[in-house]
Amino acid sequence: MNIKFMLSIVAAAALLFVSCDDTTDTVGISLIDDADQIQVTSNVFYATSHSVSVDSVVSRSATCYLGRVLDPETGSHITCDFMTQFYCLEGYKLVDRDSVASLDETGQIIADSCEVRLFYNSYYGDSLATMKLTAYEMDRPMKETTYYYSDFDPMESGLIRQDGIRKEKVYALIDNSDPNSRKESDDEYVGNICIRLNDPYTDKDGVTYNNFGTFVMRQYYAHPEYFKNSISFINHILPGMFFKMTGGLGSMAYVAVPQMNIYYRQYTNNKDSLASKVTLFSGTEEVLQTTTVNNDQQAIHQLVNDNSCTYIKSPSGIFTEVTLPVDEIMKGHEKDSINMAKIKFNRINNEQSNIYNLPAPKSLLMVETDSVASFFEKGKIANYKSSHLAVYNTAQNSYSFNNICELITAMYQAKTNGLKSDPNWVSKHPNWNKVMLVPVTTNYTSYNQTSILVNVSNDMSLTSTRLVGGDTPISISVIYSTFD
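Treat the numbers as computed from the prediction; the structure is a model and nothing was measured. (Residues numbered from 1 in each chain as written. Predicted model: local features only at pLDDT ≥ 70, side-chain atom pairs only at ≥ 80, totals over all residues. Heavy atoms only, no water.)

Q: With reference to specific residues and values, describe the overall build of the chain.
A: On a plain count of helices and strands, the chain comes out with 8 helices and 24 strands. Within the chain, contacts between residues separated by at least 24 positions form 76% of all contacts whose residues are at least 6 apart in sequence. For the chain, the exposed area adds up to about 23,500 Å²; of that, 47% sits on carbon and sulfur atoms. (Helix = DSSP H or I, 4+ residues; strand = E, 2+ residues; numbered from the N terminus. Contact = heavy atoms within 4.5 Å. Areas by Shrake-Rupley, 256 points an atom, 1.4 Å probe, with all protein chains shown as cover.)

Q: Report on the nonpolar core, specifying residues and quantitative values.
A: Of all hydrophobic cores here, the largest spans 48 residues; its most connected members are Leu118, Leu133, Phe212, Phe227, Phe243 and Phe281. Every element with two or more residues in this core is listed here: β3 (64-70), β5 (113-125), β6 (131-137), β8 (192-196), α2 (212-222), β11 (241-248) and β12 (251-268). Among the elements that make up this core, the one with the highest residue count is α2 (6 residues). Those residues in contact with Leu118, other than ones at most four positions away along the chain, are Leu66, Phe82, Leu133, Gly191, Asn192, Ile193, Ile195, Phe243, Val255, Val257 and Pro258. Counting 33 residues, the second-largest nonpolar core is a separate cluster that includes Phe45, Ile329, Phe345 and Ile474. (Core = buried A, V, L, I, M, F, W, Y, C linked by side-chain atoms within 4.5 Å. Buried < 20%, exposed > 50% of the residue type's maximum accessible area, 1.4 Å probe, protein only.)

Q: Outline the packing of aromatic side chains, listing residues and values.
A: Under the counting rule described, the total for this entry stands at 20 aromatic pairs. On the basis of an interplanar angle of 65° and a centroid distance of 5.5 Å, the ring pair of Tyr209 and Phe215 is categorised as edge-to-face. Exposure remark for Tyr209: the relative accessible area of 8% places this residue in the buried category. Relative to Phe376, the ring of Phe375 lies with its centre 5.1 Å away and its plane at 75°, an arrangement referred to as edge-to-face. Accessibility assignment for this pair places Phe375 and Phe376 in one class, buried. (Phe/Tyr/Trp six-rings, centres within 6.5 Å; stacked < 30°, edge-to-face > 60°.)

Q: Would you mind going over the confidence of the model for the chain in detail, with residue names and values included?
A: For the chain, the mean per-residue pLDDT works out to 90, and 90% of the residues sit at or above 70. Counted against residues more than four places away or in other chains, residues 1-10, with its pLDDT under 50, gives 15 contacts. The low-confidence segment residues 15-32, where pLDDT is below 50, has 34 contacts with residues more than four positions distant or belonging to other chains. (pLDDT = per-residue confidence, 0-100.)

Q: Tell me about helix α4 (residues 297-304), and name the residues and values.
A: Among all positions of α4, only Ala299, Ile300, Leu303 and Val304 are buried. What you see down the axis of α4 is that its buried residues fit within an arc of 145°, all on one side. Of the exposed residues in α4, the ones pointing more than 90 degrees away from its buried face are Gln298 and Gln302. Lining the buried residues of α4 we find β2 (37-53), β15 (310-314) and β16 (318-323). The opening residue of α4, the one whose side-chain oxygen lies 3.0 Å from the backbone nitrogen of Gln298, is Asp296. (Arc of directions from axis to C-beta. Polar contact = N/O pair within 3.5 Å; in protein donor to acceptor, adjacent residues only side chain to side chain.)

Q: An account of the pattern of salt bridges is needed here, citing residue identities and associated values.
A: Two side chains with opposite charge may pair up if their charged atoms get near one another. As enumerated under the stated definition, the model contains 17 salt bridges in all. With a shortest N-O distance of 3.5 Å, Lys244 and Asp81 are connected by a salt bridge. Of the two residues, Lys244 sits in strand β11 while Asp81 sits in strand β4 (residues 77-84), which places them 163 residues apart along the sequence. For Asp81, a relative accessible area of 5% gives the class buried. Here Lys132 and Glu168 are joined by a salt bridge, their closest N and O atoms 3.5 Å apart. (Salt bridge = Lys/Arg side-chain N within 4 Å of Asp/Glu carboxyl O.)

Q: So, the side chain of Gln266: which residues are in play, and what are the values?
A: Tracing the chain through its elements places Gln266 in strand β12. Beyond its immediate sequence surroundings of up to four residues, Gln266 is in contact with Val95, Ser99, Ala101, Ser273, Leu274, Ala275 and Lys277.

Q: Describe the pairing of β4, with residues and values.
A: Within β4, 7 of the 8 residues are buried, leaving the element largely enclosed by the surrounding structure. Of the pairings in the sheet, the one linking β3 to β4 comprises 4 bridges and is antiparallel in character. Within β4, the residue paired with Gly67 across the bridge is Cys80. Between the antiparallel neighbours β3 and β4 lie 6 residues, among them Gly75 with a positive phi of about 75°. Strand direction decides the pairing type here: β4 and β11, joined by 3 bridges, are antiparallel. Directly across from Thr84, in β11, lies its bridge partner Met241. (Pairing = 2+ DSSP bridges.)

Q: Please provide a residue-by-residue account of the side chain of Asp336, values included.
A: Tracing the sequence through the fold places Asp336 in the loop between α5 (326-330) and β17 (337-348). In this structure Asp336 is buried but unpaired, with Lys335 as the nearest side chain of opposite charge at 9.0 Å. Polar contacts involving the side chain of Asp336 include one to the side chain of His333, which spans 2.8 Å. There is a polar contact of 3.1 Å between the side chain of Asp336 and the side chain of Thr482. (Lys, Arg positive; Asp, Glu negative; His and termini not counted.)

Q: Give me the lowdown on the pairing of strand β13 (residues 273-282), citing residues and values where you can.
A: Across 10 bridges, β12 lies against β13 in antiparallel orientation. The residue of β13 that forms the bridge with Gln259 is Ser282. If you look at the hairpin formed by β12 and β13, you'll find 4 residues sitting between the two strands, and Asn269 has a positive phi there, around 50°.

Q: I'd like a rundown of a nonpolar patch on the surface, residues and numbers included.
A: A surface patch of nonpolar side chains, amounting to about 290 Å² of accessible area, comprises Tyr447, Ile452 and Val454. Residue placement: Tyr447 occurs in strand β21 (residues 434-447). Tyr447 sits in the exposed class, given a relative accessible area of 54%. (Patch = residues over 30% accessible without salt bridge, like charges linked within 9 Å, V, L, I, M, F, W, Y side chains within 5 Å.)

Q: Which residues make up α2, and what values do they have?
A: Every α-helix winds through 3.6 residues per turn, so residues three or four apart in the chain are directed the same way. Taken across its 11 residues, α2 has 9 buried, putting it largely inside the fold. Every buried residue of α2 is accounted for by Phe212, Gly213, Thr214, Phe215, Val216, Met217, Gln219, Tyr220 and Tyr221. Those residues of α2 hidden inside the fold are in contact with β5, β9 (201-202), β10 (208-209), β12 and β13.

Q: Go over the environment of Thr482, please, and point to the residues and values.
A: Here Thr482 lies in strand β24 (residues 474-483). Expressed as a C-alpha distance, the spacing of Thr482 and His333, which sit 149 residues apart in the sequence, is 8.4 Å. Among residues more than four places away in sequence, those in contact with Thr482 are Gln37, Ile38, Gln39 and Asp336.

Q: Describe in detail the environment of Gly125, supporting the description with residues and values.
A: Mapped onto the secondary structure, Gly125 falls in strand β5. According to the relative accessible area criterion, Gly125 is buried, its value standing at 18%. Remark: the alpha-carbon pair of Gly125 and Ala253, spanning 128 residues in sequence, is separated by 8.8 Å. Excluding its chain neighbours within four sequence positions, the residues that come into contact with Gly125 are Gly250, Ser251 and Tyr356.

In structure tokens form, the structure reads like this:
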């Protein structure tokens, strides 16, 4: 019998088991032929799990987080600040110098005004809560080649320019006192926090301008090469800005686009009329953006010590570590093929009804414990061999990893090969059979009507859930095939 044909039958049978009931400990199938014989068997094993506190994670995502809220689960504060650089288009150009109508009394070009708007696409907490931030100018750029974690503070690291921009802003995410402000009921509403930069600004050479926008415009006309791309702009004009919470409690903004706007007037129709113009620079994925997270570690450890379950908590809070029963799964099946290995983590619903309960993570990444740091530092994506993704299933209230057979096989082979050269290999590699469940955000792109995963990053939003585990083992359904 054709072996490839038989393997396709085995795979189909394995998929049938996965789509049926999760309990497969009594299931067995024999496929017999005169030329070849394949035995398909199944069994159930049990993994153990526990919560692990996480003081920091690699902090680089398309969304920045800003605010201070009370964690309803622990009663402690969660504070997020962020740093962003600003993107300068390749070959950026302003209007011709002679067409700028915004001039001072000496005829020099000025900006009419300058501002930074932090556009947020969603938020957690009370949109009417009074908050306070301080915007700081960076003294030098954060390095693209450095891995910045969520506990990195640009202020403590001396990256803030001491005599640069330092602008305080009191805000609420929805400003009912502003009659011109669009409200949440408006379909076109785009929430934002506006920081005006219209105070006199002194550059590093000691030259003072009426506002920061004027500095940028005059630098352009004096040094257009500084605007040829983002790297040049960041190194010569603005290394970035750091937005730090300095007061208030109650809201967390999920900032999708930080944007600097510079307003000026331009002559049109042979200088017969004037037009208001704006030039802008935005924070995007093409430049560096990092969120700094401050969690109450004492409160985190109290949850970690709860063995009745395990926790998943972000940002930078708690992961769940799982010990896979690799030896038990492979015992007696060393020469067999594992066709399917499914493990499901059931959620424990929140017992308290609260409008501010943190949502469950949308996606979990399963990755080997010792590979967590390198996975995010190197910008890897799930390959469904050594790393797997599970999306929260609302109907089943769970996260399912439908086939981790290659991961189990690779762990067993690593141990077997390691013991051949070093009898103490296991004691030197105590995490050889352990994986971590990490809350993540994912980005996909479409190609030929197919969704392709392009990015996996640490989830820096506010999420929390409890999983069945701790003192309760988690079942793994395994399907084998044996060639006789």
